[in-house]
Every structure is written in structure tokens, then in C-alpha cells.
Amino acid sequence: MSYYSRIIGTGKGLPETVMTNKDFESFIDTSDEWIRTRTGISERRIANYEKGETTLSLSRLAALQAIEKAGISPQDLGLIIVGSVTPESVMPTTANSLQRDLGAVNAFSFDLQAACSGFLYGLSIADQYIRSGTIKTALVVGAETLSTLVNWQDRSTCILFGDGAGAAVLTRSEDKTHAILSTRLYSDGTRGDLLKVSHGYAACPPWRADYRPSEHKIQMQGSDIFKLAVRNMVEASNKVLEDNQLTIKDVDFFIFHQANIRIIEMCAKTLNVPLEKTWINVDKYGNTSAATLPICLDEAWRANAIKPGDKVLMATFGGGITWGATLIQL
Ligand code: UT7
């Protein structure tokens with residue numbers, strides 16, 4: 001008997017507070033016009049810690065929606081994965097705290113760090129566990145509060161990121177057509193310096209004399225990352241198509257990592273995909289890292305931009321560097 005994974009529910013969780021481009025003008029040398037034309041971002045959501053908005057609370061919102069849409073109970077979950085570079089705490093993991101909050105007593109759970117690719121990495125791991133027959137149903141979450149990790153004085157990065165979470169429930173199916181058809185994941189640690197958070201962990205813990213709080217923030221070589229993001233997402237997309245002997249024309253809908261509208265437009269143009277066949281929300285949420293793909297998937301599904309039977313290609317690119325693509329049929 002061969003098993004496959006079918007996505008049966010999705011959800012999202014966003015903070016209430018909206019931060020507009022104009023809000024940055026009071027403390028860094030920037031403008032709404034620059035941010036909109038260079039990135040496509042108009043606003044982003046920022047978690048309010050005082051109101052209890054954290055990586056965990058956003059994960060919970062997304063997870064509960066996904067579980068409800070899937071029509072399962074938390075006890076049906078055998079696995080919970082949270083992809084995040086801004087976990088609630090290192091120990092317990094965000095996934096363990098989520099497991100507690102959901103009452104998902106039959107699930108084992110862990111966090112994974114693959115930067116913006118965290119959701120796709122998690123989806124692929126859950127898919128492997130389901131296909132091997134080890135578990136039946138999994139919850140995969142991409143969740144970030146990047147507002148805690150940006151340098152608010154660095155105008156080239158702080159305007160890019162936002163907070164949010166997205167989630168998907170996958171379950172075992174014997175139908176290989178309505179399933180995750182294939183996934184390709186990639187890493188290149190030799191280019192890790194292009195987008196990094198270098199201090200604050202084992203290489204330079206906070207108690208060391210040379211620890212600098214400003215290095216415990218996101219640092220990025222923007223234009224190098226930009227070019228790699230386009231090239232790698234295009235290559236990964238072509239690979240998953242090849243794996244399935246399909247062409248771009250066979251795919252109904254595309255979801256690219258939401259980092260910059262110009263990256264999305266260049267990926268679409270290079271692959272010959274009309275923008276109407278993609279979901280874009282970078283204007284509203286900025287780059288929410290591991291959360292961008294599941295938030296898009298959820299919004300596109302609930303808006304009927306995608307429907308059961310559609311083939312959807314998702315591609316991602318993240319710091320460290322990591323990237324990948326997956327092709328699913330809903
Ligand atoms: O999720 C992981 C993936 N992340 C990404 O994919 C992000 C990829 N990179 C980008 O999106 C773009 O590289 C940025 C949006 C970060 C920057 O856009 P750019 O067109 O590559 O600009 P640039 O870095 O070449 O900078 C052009 C100018 C510079 O000024 P000078 O040196 O020409 O005088 C920057 O200092 O724009 C300046 N600049 C700004 N000006 C106003 C940089 N940030 C800002 C800002 N407001 N916020």
C-alpha cells in the first residue's frame with residue numbers, strides 16, 4: 001500500500017497592529033515612495049507583546065483555523081512542526097508549547113530553523129513521515145515575530161519584515177493525485193553570510209566580551225540575496241516540474257515567497273507565469289519569513305483562487321541560505 005499526504009486545512013494568524021511605511025519616516029531616513037517602489041510593501045503587522053501577541057499566540061491562531069478547516073480534532077495529530085527563526089523560547093520549543101495549548105496529546109513536536117524556507121522544509125518532513133506510514137496526520141506551521149530580530153536603525157532591512165503565522169494540516173491518503181506531488185529542498189552554507197544573525201548564540205553568546213547586541217539582528221546583503229532568490233526559486237520550480245513531467249502550463253497557481261514584489265515579478269516573468277496566477281500579499285504583510293507561503297496558501301484557498309483539483313507550485317528562498325519548491329494538487 002502506498003501512502004501520500006493531502007493538505008486538508010490551512011489557517012493564518014496575524015497581529016492586529018498595522019505599521020505603515022509612513023511610520024518609519026519619523027525614525028529612519030526613508031520614505032513611503034522608496035519602500036513601495038523598491039519592495040512593493042505598503043504596510044506590515046507588528047506583534048504587540050503587551051497584548052500577548054507572540055510567535056506562539058500567532059501559531060495558535062493559525063493552527064486552530066487549519067484544524068477547523070480540516071475538520072479534525074487536535075488529538076488526531078501525530079506530529080507538529082513549527083518552522084521559525086524567532087521561536088517563543090528555545091526550550092520548550094514553540095511546537096511543544098503549541099502541542100500543550102492545542103491538547104494535541106498524541107503528537108510529537110519540534111521546531112526547525114530554515115529561515116524563510118521553514119514551512120516548506122517542515123511540509124516535506126511531515127510528508128515523509130506520512131508516506132512512510134509512521135503517522136497519519138500532521139500540523140505544519142510557519143511562524144515569526146521578526147520585529148524582535150530586526151535592527152530598527154538599519155533602513156535597508158527593518159522596512160522589509162513583518163510578523164505572522166500560517167499553518168497547514170496534512171493527512172494520509174491513498175490517492176496519489178490529490179497530494180503533495182514532490183518537493184525539492186536545497187541549502188548552501190557557503191553563502192550563509194549574505195543573510196545572517198551572527199551573535200547571540202553559541203558562536204558568540206551574550207556573556208562574551210566581544211558580543212554586540214547590534215550583531216544579534218538581521219544583516220543582509222540585499223542585492224546579492226535578491227539575485228539568488230530569483231535564480232534559485234526559478235531553478236527549484238523547474239526541478240519539481242521536471243520531477244512530475246509537467247510544464248508551467250500544467251500548473252494552475254503559483255505561490256512565491258513574499259520578500260519583494262520585484263522578486264516575485266522576476267520569478268513569474270522568467271518562468272512565463274502571468275501574475276494573475278500568483279498570490280501576492282507582500283504589500284500588506286511584508287516578508288513574514290517562514291509564514292509567507294502558508295499565509296498565501298490559506299488566503300488563496302479561502303478566496304477560491306485555488307480549489308480542489310488545482311495544481312499549485314510553491315517556491316521559497318531564505319537566509320543561511322535555504323531554498324526549495326513543492327508541487328501539490330489540492
Ligand atoms: O526572505 C529572504 C529574502 N530576502 C530578500 O529576498 C530581500 C532581497 N533584497 C531586496 O529586496 C532589495 O535588495 C532591497 C529592498 C533590500 C534593497 O533594494 P535595492 O534596489 O537592492 O537597493 P540597494 O540595496 O541597492 O540600495 C539602493 C540605495 C542605497 O543608497 P545609495 O548607496 O545608492 O546612496 C541604499 O542606501 O537605496 C538606499 N536604501 C534606502 N533608501 C531609502 C536602502 N534602504 C532604503 C530605505 N529607504 N529603506
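Residues numbered from 1 in each chain as written. Predicted model: local features only at pLDDT ≥ 70, side-chain atom pairs only at ≥ 80, totals over all residues. Heavy atoms only, no water.

> Help me out: how do you make sense of the domain arrangement of the protein in this one?
Interfaces are often sized by the accessible area lost when the parts come together. Parsing the protein into structural domains produces domain 1 (4-173) and domain 2 (180-329). A C-alpha centroid distance of 14 Å is found between domain 1 and domain 2. Each partner contributes residues to the interface: domain 1 has 53 residues there, and domain 2 has 44 residues. Buried surface at the junction of domain 1 and domain 2, summed over both partners, amounts to about 4000 Å²; 62% is from carbon and sulfur atoms. If you sort the residues of domain 1 by the area they bury against domain 2, Cys-116, Leu-120 and Leu-149 come out on top, with a joint share of 17%. Linking domain 1 with domain 2 are one salt bridge, by the criterion used here. Lys-12 serves as the salt-bridge partner of Glu-299, at 2.7 Å between the closest nitrogen and oxygen. If you look at where domain 1 meets domain 2, you find 22 residue pairs in polar contact (both at pLDDT 80 or more). Sorting the residues of the side of domain 1 that touches domain 2 by element identifies strand E1 (4-13), helix H2 (32-39), strand E3 (43-46), helix H3 (55-70), helix H5 (118-131), strand E6 (137-145), helix H6 (155-158) and strand E7 (163-173) as the ones contributing at least two each. No other element matches H5, which puts eight residues into the side of domain 1 that touches domain 2. Classifying every residue of the side of domain 1 that touches domain 2 gives 21 nonpolar, 21 polar and eleven charged. (Domains from an automatic or database assignment. Contact = heavy atoms within 4.5 Å. Buried area = accessible area lost by both parts, 1.4 Å probe. Salt bridge = Lys/Arg side-chain N within 4 Å of Asp/Glu carboxyl O. Polar contact = N/O pair within 3.5 Å; in protein donor to acceptor, adjacent residues only side chain to side chain. Helix = DSSP H or I, 4+ residues; strand = E, 2+ residues; numbered from the N terminus. Nonpolar A, V, L, I, M, F, W, Y, C, P; charged D, E, K, R; others polar.)

> Looking at this structure, I do not really get the environment of Lys-217. What am I missing?
For Lys-217, the position within the fold is in the loop between strand E9 (195-196) and strand E10 (219-220). Linking Lys-217 and Phe-110, residues 107 residues apart in sequence, is a C-alpha distance of 24 Å. Among all residues touching Lys-217, those that are not within four sequence positions of it are Thr-148, Leu-149, Val-150, Asn-151, Lys-196 and Val-197.

> Explain helix H10 (residues 292-302) here, please?
For an α-helix, the turn length of 3.6 residues means that residues three or four places apart are oriented alike. A large share of H10 lies buried, amounting to ten of its eleven residues. Within H10, burial applies to Thr-292, Leu-293, Pro-294, Ile-295, Cys-296, Leu-297, Asp-298, Glu-299, Ala-300 and Trp-301. Two residues or fewer past H10, Asn-304 is found with a positive phi of approximately 60°. (Buried < 20%, exposed > 50% of the residue type's maximum accessible area, 1.4 Å probe, protein only.)

> Got a minute to help me understand the sheet that holds strand E4 (residues 79-83) in this structure?
Within a sheet, each strand pairs with its neighbour through backbone hydrogen bonds, oriented either parallel or antiparallel. If you walk across this open sheet you meet the five strands as E1-E7-E6-E4-E5, and the pairing is mixed. Both edges of this open sheet fall to E1 and strand E5 (108-112), since each of them pairs with a single strand only. The sheet shows a mean angle of 15° between the axes of neighbouring strands, taken without regard to direction. Contacts between H3 and the sheet are confined to E1, E4, E6 and E7, with E1 contributing the most and set at about 130° to the helix. (Pairing = 2+ DSSP bridges. Axes fitted to C-alpha atoms, helices over the stretch in contact; angles between N-to-C directions.)

> Help me understand the packing of helix H7 (residues 222-243) against helix H8 (residues 261-271), please; the structure alone is not making it clear to me.
Two numbers describe a pair of packed helices, the interaxial angle and the distance between the axes. Interaxial distance between H7 and H8 falls to 9 Å at its minimum, and their mutual angle equals 40°. Taken together, H7 and H8 sit at an angle that is classed as oblique. Relative to H8, the crossing made by H7 is right-handed. Seen from H7, the contacting residues are Phe-226, Ala-229, Val-230, Met-233, Val-234, Ser-237 and Asn-238; seen from H8, they are Arg-262, Ile-263, Met-266, Cys-267, Thr-270 and Leu-271. Here the residues of the contact of H7 with H8 sort into nine nonpolar, three polar and one charged. (Parallel < 35°, antiparallel > 145°, perpendicular 65-115°, else oblique. Left-handed = near helix turned anticlockwise from the far one by under 90°.)

> Would you mind showing me how to read the site of the ligand here?
Thr-30, Arg-38, Arg-155, Asn-260 and Asn-287 are the nearest of the 23 residues found near the ligand. Arg-38 has a polar side-chain atom sitting 2.7 Å from an oxygen atom of the ligand. Protein contact buries 71% of the 940 Å² of open area that the ligand shows by itself. Elements supplying a minimum of two residues to the shell around the ligand: H2, H6, H7 and H8. By residue number, the principal contributor to the shell around the ligand is H7, which donates four residues. Residues of the shell around the ligand, tallied by class, amount to eleven nonpolar, eight polar and four charged. Each of domain 1 (4-173) and domain 2 (180-329) accounts for three or more of the residues forming the shell around the ligand. (Near = heavy atom within 4 Å. Areas by Shrake-Rupley, 256 points an atom, 1.4 Å probe, with all protein chains shown as cover.)

> What's the story with the environment of Asn-287 in this structure? I'm lost.
Tracing the backbone through its elements, the reader meets Asn-287 in the loop between helix H9 (282-285) and H10. We classify Asn-287 as buried; its relative accessible area is 5%. C-alpha separation for the pair Asn-287 and Ala-138, spaced 149 residues apart in sequence, amounts to 25 Å. If we skip the residues at most four places from it in the chain, Asn-287 touches Cys-116, Leu-146, Leu-160, Phe-161, Gly-162, His-257, Gln-258, Ala-259 and Thr-292. In this structure the side chain of Asn-287 is engaged in a polar contact, spanning 3.5 Å, whose partner is the side chain of His-257. Engagement of the side chain of Asn-287 in a polar contact is seen with the backbone nitrogen of Ser-289, the distance being 2.7 Å.

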